[in-house]
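Coordinate inspection notes
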Amino acid sequence: MRGKGKSTIVWLLMGMLVLGLGGFGVTNFSGGTADIGSVGEVEVSSQDYARALRNEMQDFAARTGKQPTAAEAKAMGLDQMALSRLMVSAALEDQANRLGISVGDHAVAEQITNAAAFKGIDGKFDRARYADTLQREGIREADFEHDLRMDAARVILQQATLAGIKASQPVTDRSLGWLLETRDIHWQELTAADLAAPIATPDDATLEAWHKANADRFTHPEIRKITYVWLTPEMIEKTVEVDDQALRDLYEQRKDEYQQPERRMVERLVFPTVAAAEEAKARLDKHEISFEQLAAERGLTLADLDLGEVSQADLGPAGAPVFALDQPGIAGPVSSDLGPALYSMNAILEPVDVTFEQAKGDLRLEAAIDRARRQIDEQSASITDLMAGGATLEDLVKETHMQLGQIDWTASTGDDPGSIAAYPEFRQHAAEVTQSDFPELYTFEDGGIFALRLDKIEPPALIPFAEVKDRVAADWLQNETMRQLMALAEERKLANAAAIEPANPAPAAATAPVAQAVGAAPAPTPVIPQQAPEKGHAETGLTRGGFINGVPQEVVSKAFEITEPGEAEIVDADNRVFLVTLDQVHAAATDAPEAGQMRDSIANRLGDSMRQDVFDYFTRAVQAQSGVTVNQTAIDAVNTQMQ
């Protein structure tokens, strides 16, 4: 029950079917003599596992920009992810076989005849090319077609398993209400000016104690004292000669950049008939609808309609009416190669007319840098030979154009422009070099070269108090200010709570007045209302995830955590202290037009999550029913080969 595919070409063909599984990661099988496991009657070969692991590593590299080693891939669990995907795929195939799920020859033939790899120069399916491609890859036609058939069967099985699963309406409505709820709040920032008294200046004994108690804040990191030599194209570009004719040739090659006609930023919306386009234009003219809303009615976004920067000639028949607009607007209906269309012109880009003399300076610099880069590349071999012959970094400066420098490098060394530390290649080697390493020649991405030597390592150490006294004082002052501001915020929070609680009447006197003794009505006890503290700035209609200009986002987040109107909470963010008071909660306007789109989005996300969970439970149940075997020895062998 396994195929024999062995190349990227074939896997790309089958990738069309993998996409049909909605991202659940089903992978085709290929043949081999060693198996790393099986599910039921379906075996998983070592080639399957090796390919799946390579795919995981390539996907990680595409997402992060770093190609992991086999050891790093194992440490990150990529091997387990690859194995899991294979076992899921095998479980689906085994279950499809048990249930007798398959597709007919017509469906398989359609997949094959539509594959670009099997088409001839006329764009049609080429039977000889199909046979030759599979033969070169060592795949039998029957095995390849079986794999296509089983891929389709897995798709059918998955679709049947997940059909009808969707988010419930109450859950969707509750989520929508939570997202669209708005609130009215007051907020105030407490500063040192709000304190009852200025913070007293600490004595040296207090600061020294603070210095010791917070030693990690005043400890310098490991310092690596490095000597280096380097040479970049910019260092020698002024010495490079570039003749005038070469610059003119370069200008002609890139004339399209320097000579451009007037252009427009344009979007095009095509309609099935002229009448439909005219009706849409009339709605636009009456301001009944926007161009973006017109696109949405057709199931499109503005990104789908964007033509980018276009000249009048690029637009064909639409060029004249579009370029007749002297400000952003709508042109059309105009015929296009796709049918009658409306054109939205959004910006006018003036013509570009840069002469050779105007561009000469930039062209000269570019050409000189390019030649300097080639010169450095040509010199690299001789510099490497000098270093192999025992030349020190100081010797290289005497015999080449390289420049000598020294740096006290730490992991936090800034990447100041013009400094060698700005280059990631230097920072990487500066962190890895040891004192026993001999200098080697390395390259920069811009074509430069460098070599370095680690002279000494100074371990982390507490900086003497005398050297950082000002830093210690500033740190203590900041901490003390925050402490007192937090205490003040607590006081105001309590005062706010007291102001919203009903006042309790004063207790009756121990001895009643004489008037009461003779039967007079008792005088009412005066109630002194609590004065509510100042609340600060008002914000109305605040949305979840909204923002307040100049205020940390934590203030908004806290405002939506308060449960009852009138309550206040303290926010400590970015070394600032805020008091947030909730005034009123407004229920979501679920009948608004934009709420419909959000409701659909929520339902789709919840449905996707539920389908993913159901699919996970289903595949686990299938594996438990069919039985899973794993050959760890074979897996280890593949991992070893990929080192």
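Read on for an overview of the structure. Small disclaimer: the values here were computed from a predicted structure and weren't measured.

What follows covers the sheet that holds strand β2 (residues 42–45). With antiparallel pairing, 3 strands are arranged side by side in an open sheet as β2-β1-β19. Lying at the two open borders of the sheet, with one neighbouring strand each, are β2 and β19 (628–630). Shown here is a sheet whose adjacent strand axes are inclined to one another by a mean of 15 degrees, direction ignored. Note that strand β1 (residues 35–39) and β2 share 4 bridges and pair antiparallel. Bridge pairing in β2 links Val-39 to Val-42. Across the sheet, helix α2 (residues 46–64) lies against β1 and β2, angled at about 60 degrees from β2, the strand it touches most.

Attention shifts here to the side chain of Asp-184. The residue Asp-184 is located in strand β3 (residues 182–190) in this model. Salt bridges are absent for the buried Asp-184, whose nearest opposite-charge side chain, Arg-183, sits at 9.3 Å. Setting aside residues up to four positions removed in sequence, Asp-184 forms contacts with Glu-539, Thr-540, Gly-541, Thr-581, Leu-582, Asp-583, Gln-584 and His-586.

Residues in a regular strand project their side chains so that they alternate between the two faces of the sheet. Across the 8 residues that make up strand β7 (residues 263–270), a large majority, 7, are buried. Pairing analysis gives 5 bridges linking β7 to strand β8 (residues 306–311), with the strands arranged antiparallel. The residue of β8 that forms the bridge with Met-265 is Glu-309. One ladder, built from 8 bridges, connects β7 with strand β10 (residues 339–349); its direction is antiparallel. The partner of Met-265 across the bridge, within β10, is Ala-347.

What follows deals with helix α7 (residues 141–162). In an α-helix, one full turn covers 3.6 residues, which means residues spaced three or four apart are oriented alike. Its 22 residues give α7 an end-to-end C-alpha distance of 32 Å, which sits within 8% of 32 Å, the value for a rise of 1.5 Å per residue. Downstream of α7 by a residue or two, Gly-164 has a phi angle that is positive, lying close to 85 degrees.

Here we take up the nonpolar core. The biggest cluster of nonpolar side chains holds 23 residues, and the ones touching the most others in it are Leu-363, Leu-396 and Met-402. Elements with a contribution of two residues or more to this core: β5 (223–231), α11 (244–253), α17 (356–388), α18 (393–399) and β14 (449–458). Take this core: its biggest share by element is 9 residues, from α17. Those residues in contact with Met-402 that sit more than four places away from it in its chain are Val-229, Trp-230, Leu-231, Ile-383, Leu-396, Val-397, Leu-441, Ile-449 and Phe-450.

For the structure shown, the criterion picks out 15 aromatic pairs. Consider the rings of Tyr-228 and Trp-230, whose centres lie 6.2 Å apart with planes at 80 degrees: the pair is edge-to-face. Residue Tyr-228 is classed as buried on the basis of its relative accessible area of 11%. Of the residues examined, Trp-230 reaches a relative accessible area of 12% and is grouped as buried.

Here the focus is the sheet that holds β7. The 4 strands are arranged β8-β7-β10-β9 in an open sheet whose pairing can be described as antiparallel. Among the strands making up the open sheet, the edge pair consists of β8 and β9 (329–336). Strand-to-strand twist across the sheet, computed as the mean angle between neighbouring axes with direction ignored, equals 35 degrees. Helix α13 (residues 274–285) rests against β9 and β10 of the sheet, and its axis sits at about 40 degrees to β10.

This part covers the environment of Ala-331. Summarising the element assignment, Ala-331 is placed in strand β9. Sequence separation between Ala-331 and Leu-342 is 11 residues, and the spatial gap between their C-alpha atoms is 6.0 Å. For Ala-331, the residues in contact, after removing those within four places along its chain, are Pro-321, Val-322, Leu-325, Ala-341, Leu-342 and Tyr-343.

If you walk through the whole model with that rule in mind, you get 37 salt bridges. Of the charged contacts in the structure, one is a salt bridge between Asp-105 and Arg-149, with a shortest N-O distance of 3.0 Å. Taken together, the residues Asp-105 in helix α5 (residues 105–114) and Arg-149 in helix α7 connect sequence positions 44 residues apart. Across the salt bridge formed by Asp-204 and Lys-469, the nearest N and O atoms sit 3.1 Å from each other. Of the two residues, Asp-204 sits in helix α9 (residues 204–213) while Lys-469 sits in helix α20 (residues 469–500), which places them 265 residues apart along the sequence. Via salt bridges that share partners, Glu-93, Asp-151 and Arg-154 belong to a single interconnected network.

For α13, which comprises 12 residues, the first-to-last C-alpha distance of 16 Å matches the rise-based estimate of 16 Å (1.5 Å per residue) to within 8%. By the burial criterion, the buried members of α13 are Ala-277, Ala-280, Lys-281 and Leu-284. One side of α13 holds all its buried residues, which, seen down the axis, span an arc of 100 degrees. Opposite the buried face of α13, at more than 90 degrees from it, the exposed residues are Ala-275 and Glu-279. On its buried face, α13 sits against α14 (291–297), β9 and β10. Trailing α13 by a residue or two, His-287 shows a phi angle of about 60 degrees, which is positive.

Reading the values: the criteria
- Residues numbered from 1 in each chain as written.
- Predicted model: local features only at pLDDT ≥ 70, side-chain atom pairs only at ≥ 80, totals over all residues.
- Heavy atoms only, no water.
- Pairing = 2+ DSSP bridges.
- Helix = DSSP H or I, 4+ residues; strand = E, 2+ residues; numbered from the N terminus.
- Axes fitted to C-alpha atoms, helices over the stretch in contact; angles between N-to-C directions.
- Contact = heavy atoms within 4.5 Å.
- Buried < 20%, exposed > 50% of the residue type's maximum accessible area, 1.4 Å probe, protein only.
- Lys, Arg positive; Asp, Glu negative; His and termini not counted.
- Salt bridge = Lys/Arg side-chain N within 4 Å of Asp/Glu carboxyl O.
- Expected span 1.5 Å × (residues − 1).
- Core = buried A, V, L, I, M, F, W, Y, C linked by side-chain atoms within 4.5 Å.
- Phe/Tyr/Trp six-rings, centres within 6.5 Å; stacked < 30°, edge-to-face > 60°.
- Arc of directions from axis to C-beta.

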